[in-house]
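One-letter residues, chain by chain:
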Amino acid sequence: MISLTIFTPTFNRAETIARTYGSLLRQRSFDFEWLIVDDGSTDDTEKIVKQWINEAPFLIRYIKQKNGGKYRAYNNGLRNANGILFFCVDSDDWLPDNSISDILYYRKYVFSISD
């Protein structure tokens, strides 16, 4: 079972989503899935993400939907998430290098959430 779903809604962010990907590559733990819901991008977002799927040390899932807005992308992300925990990192944002490890630590030791 996957501990964490990192969700990224995106729309025409081919030029910024690489920053998000780079921050995920620098994590100390890869016990997560990166779920990207593309809200109908017309740029190179799909091409870029499909390349990452083949090389990333963590699971990347990509869903492309007809443009319907960020809230529809969120709903689609929630429906398709496999993680016990779920949180959003926008396609123009990034995580500090120890974020995943910290989240999983607090999940296990502070909140005692069981699988």
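For the structure, check the block above.
Reading the values: rules and limits
- Residues numbered from 1 in each chain as written.
- Predicted model: local features only at pLDDT ≥ 70, side-chain atom pairs only at ≥ 80, totals over all residues.
- Heavy atoms only, no water.
- Buried < 20%, exposed > 50% of the residue type's maximum accessible area, 1.4 Å probe, protein only.
- Helix = DSSP H or I, 4+ residues; strand = E, 2+ residues; numbered from the N terminus.
- Contact = heavy atoms within 4.5 Å.
- Phe/Tyr/Trp six-rings, centres within 6.5 Å; stacked < 30°, edge-to-face > 60°.
- Polar contact = N/O pair within 3.5 Å; in protein donor to acceptor, adjacent residues only side chain to side chain.

**Student:** In this structure, what is going on with helix H1 (residues 17–25)? I would like to understand it.
**Tutor:** Counting along an α-helix, one turn takes 3.6 residues, and residues three or four places apart therefore face a common direction. Those residues of H1 that fall on the buried side of the exposure criterion are Ile 17, Thr 20, Tyr 21, Gly 22, Ser 23 and Leu 24. Contacts made by the buried residues of H1 are with strand E1 (4–10), strand E2 (33–38), helix H2 (45–55) and strand E3 (59–64).

**Student:** What's the story with the environment of Thr 16 in this structure? I'm lost.
**Tutor:** Note that Thr 16 resides in the loop between E1 and H1. Between the alpha carbons of Thr 16 and Gly 40 there is a distance of 16 Å; along the sequence they are 24 residues apart. Excluding its chain neighbours within four sequence positions, the residues that come into contact with Thr 16 are Ser 91 and Asp 92.

**Student:** Sorry, what's going on with unusual backbone geometry here?
**Tutor:** Excluding glycine, most residues fall at negative phi; most peptide bonds, likewise, are trans. One non-glycine residue, Asn 12, adopts positive backbone phi at about 50 degrees. For Asn 12, the position within the fold is in the loop between E1 and H1. A relative accessible area of 30% places Asn 12 in the partly exposed class.

**Student:** Sorry if this is basic, but what is going on with the packing of aromatic side chains here?
**Tutor:** The geometry of an aromatic ring pair is captured by the separation of the ring centres together with the interplanar angle, meaning the angle of the planes. Taken as a whole, this structure holds 10 aromatic pairs when the rule is applied. Plain terms: the ring middles of Tyr 105 and Tyr 106 are 5.1 Å apart, the flat faces sit at 85 degrees to each other, and that makes the pair edge-to-face. Given a relative accessible area of 43%, Tyr 105 falls into the partly exposed group. Through successive ring pairs, a cluster of aromatic residues spans Tyr 21, Phe 30, Phe 32, Trp 34, Trp 52 and Phe 58.

**Student:** Help me understand the side chain of Thr 45 in this model?
**Tutor:** With respect to the helices, strands and loops of the structure, Thr 45 is situated in helix H2. We classify Thr 45 as buried; its relative accessible area is 0%. Here the side chain of Thr 45 touches Arg 13 through a polar contact of 3.4 Å, landing on its backbone nitrogen. At 2.6 Å, the side chain of Thr 45 and the side chain of Asp 43 are in polar contact. When residues no more than four places from it in sequence are discounted, the contact partners of Thr 45 are Thr 10, Asn 12, Arg 13, Ala 14 and Asp 38.

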